[in-house]
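Survey of secondary and tertiary structure
Here's the letter readout for the chains.
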Amino acid sequence: MSGDFPSGSVWLVGAGPGDPELLTRKAERLIAAADTVFYDALVGPGVLALASPDARMVHVGKRSGRHSRAQGDIDAMIVAAAQSGERVVRLKGGDPSIFGRSNEELAACHAAGIAVRICPGITAASAAAASLGLSLTLRGTARKLTFVTAHARAGEALSLDWAALADPYATLAVYMGKAAAREVSAQLIAHGLPVDTPVALVENASLANERRFVTTLRLLPLAARSALGDGPALLLIGAAIGEAVSQPTQARAALTA
Ligand code: SAH
């Protein structure tokens, strides 16, 4: 196989949001070449199908609120596989560098003297914006894009700089934000964002079971409870998101038909 993936090495590969066509060509090649693939719960079946039939496929899935394998165990499994001479792909949903715990795995490989590299992927916010048919930045309206996670450690409150996040000239992409929707809404309103600030919720972006819902900051808690299933969902908040609703209905219908 190609020189960038020798035996005993590791690639952290961005699997993108789910649709296998949103993989990079490099990711596709690395997945096909791997002896072992460690993958998260969020990696779509269409992506996993690209692995060799002989590859060892290891689910190390983590979904909030459910059973989660300790990060240290995952690090150790990756290192052990590489040390036994396997070509290892660690597949992560979206982009490995965004809320992907990549650092722990990179550090474990470095500590063990194992060659490790990163192949980027399309992050959920990009996929969600594409599905909504909008731009995350908008000249004069949204000149800043903030990626934030609203996932708190068990038993802890969110500790976010709400005053900084409540920027009317920014788009906020909230990862792992479904459970915290009520707090996100209340805090952003308390820190000055208008109650009618547009919000989009996109679940399973890029997959056949994708759901999109556009609402307002005030109604976000209700929408998060009632409009979504149990798939991964992203919240997009800000004036630029309002552009999603201003598209003529017929044009939108034709596009989604
Ligand atoms: N590294 C990933 C993010 C991991 S955190 C990336 O770059 O996309 C996991 C969170 O990402 C989920 O809770 C959800 O908020 C978001 N997410 C991942 N895939 C998604 C998808 N297909 N649709 C909507 N949100 C998604």
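Scroll up to find the structure.
Below, the structure is looked at part by part. (Residues numbered from 1 in each chain as written. Predicted model: local features only at pLDDT ≥ 70, side-chain atom pairs only at ≥ 80, totals over all residues. Heavy atoms only, no water.)

What follows is about the packing of aromatic side chains. Under the defined criterion, the tally for this structure stands at two aromatic pairs. A centroid spacing of 5.8 Å and a plane angle of 55° characterise the contact between F147 and Y175, whose relative ring orientation is tilted. On the criterion of sequence distance, the pair formed by F147 in strand β6 (residues 144–149) and Y175 in strand β7 (residues 170–175) is long-range, its members being 28 residues apart. Taken together, F99, F147 and Y175 form an aromatic cluster joined through their ring pairs. Looking at R143, its charged tip hangs above the ring of Y169, at a distance of 4.4 Å from the centre. (Phe/Tyr/Trp six-rings, centres within 6.5 Å; stacked < 30°, edge-to-face > 60°. Helix = DSSP H or I, 4+ residues; strand = E, 2+ residues; numbered from the N terminus. Lys NZ or Arg CZ within 6 Å of the ring centre and 35° of its normal.)

Tracing the sequence through the fold places P120 in the loop between β5 (116–119) and α5 (124–132). Put simply, P120 and L160 are 40 residues apart on the chain and 26 Å apart in space, counted from C-alpha to C-alpha.

Our focus in this paragraph is the sheet that holds strand β9 (residues 211–216). In spatial order, the strands read β6-β7-β10-β8-β9; together these five strands make up an open sheet with mixed pairing. Whereas interior strands pair on both sides, the edge strands pair on one side only; in this sheet they are β6 and β9. Ignoring strand direction, the axes of neighbouring strands in this sheet form an average angle of 20°. Relative to strand β10 (residues 233–237), β7 runs antiparallel, the two sharing three bridges. Paired with L172 across the bridge in β10 is I237. Across the face of the sheet, α5 comes into contact with β6, β7, β8 (198–203), β9 and β10 while running at roughly 70° to β10. (Pairing = 2+ DSSP bridges. Axes fitted to C-alpha atoms, helices over the stretch in contact; angles between N-to-C directions. Contact = heavy atoms within 4.5 Å.)

Backbone-to-backbone hydrogen bonds join strands into a sheet, with any given pair of strands oriented parallel or antiparallel. The strand order across the open sheet built from five strands is β3-β2-β4-β1-β5, with neighbouring strands paired in parallel fashion. Among the strands making up the open sheet, the edge pair consists of β3 (56–59) and β5. The average undirected angle you get between the axes of adjacent strands in this sheet is 20°. Where strand β1 (residues 10–14) lies against β5, four bridges are found, and the strand directions are parallel. Along β5, the bridge assignment pairs L12 with I118. Docked against the sheet, helix α1 (residues 25–33) engages β1, β4 (88–92) and β5, running at close to 135° with respect to β1.

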